[in-house]
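A structural walkthrough
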Amino acid sequence: MLSSTPDELYERHRDLLRRAQDAVAAREFWTPYPEGPGDAAYGTDAAAAGERAFEQLIGRDFAIEVPGAAGRISPERSPYGLALDVSYPRSTVDALVAAARAAMPAWREVGPHGRAGVAAEILTRLNARSFEIAQAVRHTTGQPFMMAFQAGGPHAQDRGLEATAVALTESTRFPAVANWEKPHRGAPIRLHKTFTVVPRGVSLVIGCNTFPTWNSYPGLFASLVAGNPVIVKPHPRAILPLAITVQTAREVLAGAGLDPNLVTLAVEEPGDGIAATLATHPAVRVVDFTGSRAFGDWLEANARHAVVYTEKAGLNTVVLDSTDDYPGLLRNLATSLSLYSGQMCTTPQNLLVPLAGISTPAGARTPDEFAADLGAAIDRLLGDDRRAAAILGAIVNDEVLARVDEAGTHGRVVRAADPMVDPDNPKAILRTPLVLRLDADAESVYSREWFGPISFVVATASTTHSLELFRTSVTHHGAIAAAVYSTSEEILVAARQAALDCGVHLSENLTGGVLVNQNAAFSDLHGTAANPAATATLADAAFVTGRFSVLESRRHV
């Protein structure tokens, strides 16, 4: 039964969409989705209701239709030790692509405003399921609950709405109709012109294991508003959060009288390789991917018929020169390294310290002294087991553990990656941050990306040398985030110039409540196509304009 047409949904969410567009333009703080799980907007029973809804999914067939369904799979295992055993219907590439293509013409005719209205309604309903999604994110990624709620729910929804707003702005930049008149001898020449946004084609969103919703929502909603049907291919270990997302989207689409196959779910067992098969299908014209450098590079090289937006990995670097708040610097970096066990694409890896030391109000701190101070700050932060578990979460997979073990054989271990026990989840595997001390000539070690709770304190000849290493390493290997600490305006200017040269966003002297690995939708840019770690920025105009074309028709009046 038709509940609301796309045009009605646009009218319902007109103010929300306009406010989102204004926030993107102003780059001010704004969010329509409360980020606190205790916020009254969610209701007093929301947390318990969300947990009950999640528990109802465990050990059952997930209620979702996929075109060409043939068998079911259940590949997920919770890093916290909970047996999920949720099964999902699997399909074939040809069936998914055929269904998406069949749904596209009617979706194109809806127009940008109606499509944005549908997207806003999907996000509104996802926000109502934030606690259920938080549990799904937590038990597929190992994120601690607070992060799973915020990053998996409201912050992901912020990013989805941001992409919706940018796509609506860019796809309505041309007028729908225009009357053209050119003076001419005698009567003027008059033409009536129409401008129509035409989607590029089927869109593929490839989810990651660590942030399945936060990293997937920008591409999903940008493609939908641009008119493209979307096939969502989750990571085999993190299907449930995106299955809930696709289920919600299909309900909204069907209720608006549209083909629910505009958004479909493509699941696989580990190693099946369906992402590569989908990405190279000639009808798939847009690919969004977050994950490993190796597969991201492969997509860029092989899906050449498509527009490919990747966020991979790089050498997130901190240049340390001087500070007027050394305890704040240590607290900030200790938290950045510990948060979700360093399993974030923005976690600092290389901490560059001049041999003469970091200038502080209490005197210079050499690389060895700084490394010891940082280790002590981490110890203080994680001194209580329950608080530590709430910060670290759980190690997401065995690959991270193997990387931690391997990294410990390089350099001098200043602080070991100690195991810890989560009092509430004794089956979870926890590791504290590993801090190693290296010299600048150990480039073969620190020029490699070490995803996980691993960081290197690298001794450099000087701050100038640090800036040179920062510039060259990011230029060649990429980075998602970078930071500098200095009381010298001259050094800050030089660091900004280096960041511009190598194409990375820069944080300066963060000692308070904002970390280098945090950013805010509608204001901060995440990732950049200006270095090898990504081909996209969330969410700028370039992130959406490759998803559609504007075609013109004209005739004499």
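Summarised in this report is the structure supplied together with it. The structure presented is a predicted model; accordingly, all values stated were derived computationally and were not measured.

Thoughts on the overall build of the chain
Tallying secondary structure elements over the chain gives 19 helices and 19 strands in all. In terms of overall dimensions, the chain is globule-like: its C-alpha atoms have a radius of gyration of 24 Å, near the 24 Å expected for 557 residues. Expressed along its principal axes, the backbone C-alpha trace of the chain runs to roughly 80 × 70 × 45 Å. Put simply, 75% of the contacts in the chain that link residues at least 6 apart link residues at least 24 apart. Surface accessibility of the chain: about 21500 Å² in total, with carbon and sulfur atoms responsible for 52%. Each charge class in the chain was averaged separately, 47 positive and 60 negative side chains, and the resulting centres sit 8 Å apart.

Observations concerning the sheet that holds strand 8 (residues 284-290)
With respect to topology, five strands assemble into an open sheet ordered 7-6-5-8-9, the strand pairing being parallel. At either end of the open sheet lies a strand with only one pairing partner, and these are strand 7 (263-265) and strand 9 (307-311). Put simply, the sheet's adjacent strands are angled 15 degrees from each other on average, direction ignored. Sheet analysis places strand 5 (residues 202-206) next to strand 6 (residues 230-233), joined by four bridges and oriented parallel. Within strand 6, the position partnered with Ile206 by the bridge is Lys233. The strands touched by helix 4 (residues 93-128) within the sheet are strand 5, strand 6, strand 7 and strand 8, with strand 5 carrying the most contacts at an inclination of about 130 degrees. In the packing of helix 9 (residues 240-255) onto the sheet, contacts are made with strand 6 and strand 7, and the angle to strand 7 comes to roughly 145 degrees.

A few points about the nonpolar core
Core analysis: the biggest nonpolar cluster contains 115 residues, and Phe62, Tyr88, Leu161, Leu220, Leu240, Phe456 and Phe470 have the highest contact counts within it. In terms of residue count, helix 4 provides more of this core than any other element does, 10 residues in total. Sequence-distant contacts of Leu220, defined by excluding residues within four places in its chain, comprise Val205, Val230, Val232, Thr245 and Val263. Judged by nonpolar contacts, the second largest core, of 34 residues, contains Val318, Met420, Val435 and Tyr485.

As for the packing of aromatic side chains
A full pass over the atoms with the stated rule returns 13 aromatic pairs. Where Phe131 meets Phe149, the ring centres are 4.7 Å apart and the plane angle is 45 degrees; that geometry is what we call tilted. Linking Phe131 in helix 5 (residues 130-141) with Phe149 in helix 6 (residues 145-152), this pair joins segments that are 18 residues apart in sequence. With a relative accessible area of 0%, Phe149 lands in the buried category. Each residue in the set Tyr42, Phe131, Phe145 and Phe149 is aromatic and connected to the rest through ring pairs, giving one cluster. The ring of Tyr80 carries Arg138 above its face, with NZ or CZ at 4.5 Å from the centroid. Its guanidinium or amino end placed over the ring of Phe543, Arg547 lies 4.4 Å from that ring's centre, counting from NZ or CZ.

Some details on the layout of surface pockets
The space that makes up the largest pocket amounts to roughly 950 Å³. Taken together, 41 residues make up the lining of the largest pocket; nearest its centre are His235, Phe289, Gly291, Ser292 and Arg293. Breaking the lining of the largest pocket down by element, the ones donating at least two residues are strand 8, helix 11 (293-302) and helix 15 (398-407). At three residues, the largest contribution of residues to the lining of the largest pocket is made by helix 15. Of the residues that constitute the lining of the largest pocket, the class distribution is 15 nonpolar, 15 polar and 11 charged.

Regarding empty space enclosed by the protein
Scanning the model with the defined rule gives three cavities of 30 Å³ or more in all. Within this model, the largest cavity holds a volume of roughly 120 Å³. In terms of lining, the largest cavity is formed by 15 residues, of which the most central are Phe289, Thr290, Glu311, Leu538 and Phe543. Listing elements by their share of the lining of the largest cavity, those giving two or more residues are helix 8 (217-226), strand 8 and strand 9. For the lining of the largest cavity, the per-class residue count stands at seven nonpolar, six polar and two charged. Approximately 110 Å³ is the volume attributed to the second largest cavity. Along its surface, the second largest cavity is lined by 14 residues, and Asn316, Met344, Thr347, Glu449 and Trp450 are the ones closest to its centre. Considered class by class, the residues forming the lining of the second largest cavity number seven nonpolar, six polar and one charged.

Some remarks on the pattern of salt bridges
Inspection of every chain in the model, using the stated rule, returns 30 salt bridges. One salt bridge connects Arg237 with Glu399, and the closest N-O pair in it is separated by 3.1 Å. Taken together, the residues Arg237 in the loop between strand 6 and helix 9 and Glu399 in helix 15 connect sequence positions 162 residues apart. The partner of Arg547 in a salt bridge is Asp288, and the shortest N-O contact between them spans 2.8 Å. Of this pair, Arg547 sits in the loop between helix 19 (541-545) and strand 19 (548-556) while Asp288 sits in strand 8; the two residues are 259 residues apart in sequence, bridging distant segments of the chain. Comparing Arg547 with Asp288 shows no difference in burial state: the two are buried. Connected through salt bridges with shared partners, the residues Arg293, Asp297, Glu300 and Lys312 form a single ionic network.

Here we look at the sheet that holds strand 10 (residues 317-320)
Pairing is mixed in the open sheet, where seven strands are placed in the order 12-15-16-11-10-17-18. With one partner strand each, in any of the chains shown, strand 12 (412-415) and strand 18 (506-508) form the two edges of the open sheet. Averaged over all pairs of adjacent strands, the angle between strand axes in this sheet comes to 25 degrees, irrespective of strand direction. Together, strand 10, strand 11 (350-354), strand 16 (454-460) and strand 17 (482-485) form the strand contacts of helix 17 (residues 463-477), whose direction differs from that of strand 10 by roughly 170 degrees.

Overview of helix 13 (residues 367-381)
Here helix 13 spans 21 Å end to end across 15 residues, near enough to the 21 Å set by a 1.5 Å rise per residue. What helix 13 keeps buried is the set Pro367, Phe370, Ala371, Asp373, Leu374, Gly375, Ala377, Ile378 and Leu381.

Some points on the environment of Arg285
Mapped onto the elements of the fold, Arg285 is located in strand 8. As for Arg285 and Pro199, which are separated by 86 residues in sequence, their C-alpha atoms are 9.5 Å apart. At 3.1 Å, the side chain of Arg285 forms a polar contact with the backbone oxygen of His305.

What counts and how
- Residues numbered from 1 in each chain as written.
- Predicted model: local features only at pLDDT ≥ 70, side-chain atom pairs only at ≥ 80, totals over all residues.
- Heavy atoms only, no water.
- Helix = DSSP H or I, 4+ residues; strand = E, 2+ residues; numbered from the N terminus.
- Rg over C-alpha atoms; globule rule 2.2 N^0.38 Å.
- Contact = heavy atoms within 4.5 Å.
- Areas by Shrake-Rupley, 256 points an atom, 1.4 Å probe, with all protein chains shown as cover.
- Lys, Arg positive; Asp, Glu negative; His and termini not counted.
- Charge placed at Lys NZ, Arg CZ, Asp CG, Glu CD.
- Pairing = 2+ DSSP bridges.
- Axes fitted to C-alpha atoms, helices over the stretch in contact; angles between N-to-C directions.
- Core = buried A, V, L, I, M, F, W, Y, C linked by side-chain atoms within 4.5 Å.
- Buried < 20%, exposed > 50% of the residue type's maximum accessible area, 1.4 Å probe, protein only.
- Phe/Tyr/Trp six-rings, centres within 6.5 Å; stacked < 30°, edge-to-face > 60°.
- Lys NZ or Arg CZ within 6 Å of the ring centre and 35° of its normal.
- 1 Å grid on protein atoms, 1.4 Å probe; cavity = no way out; pocket = protein on both sides within 12 Å on 5 of 7 lines; lining within 4 Å.
- Points joined across faces, edges and corners; volume = space filled by probe spheres on them.
- Nonpolar A, V, L, I, M, F, W, Y, C, P; charged D, E, K, R; others polar.
- Salt bridge = Lys/Arg side-chain N within 4 Å of Asp/Glu carboxyl O.
- Expected span 1.5 Å × (residues − 1).
- Polar contact = N/O pair within 3.5 Å; in protein donor to acceptor, adjacent residues only side chain to side chain.

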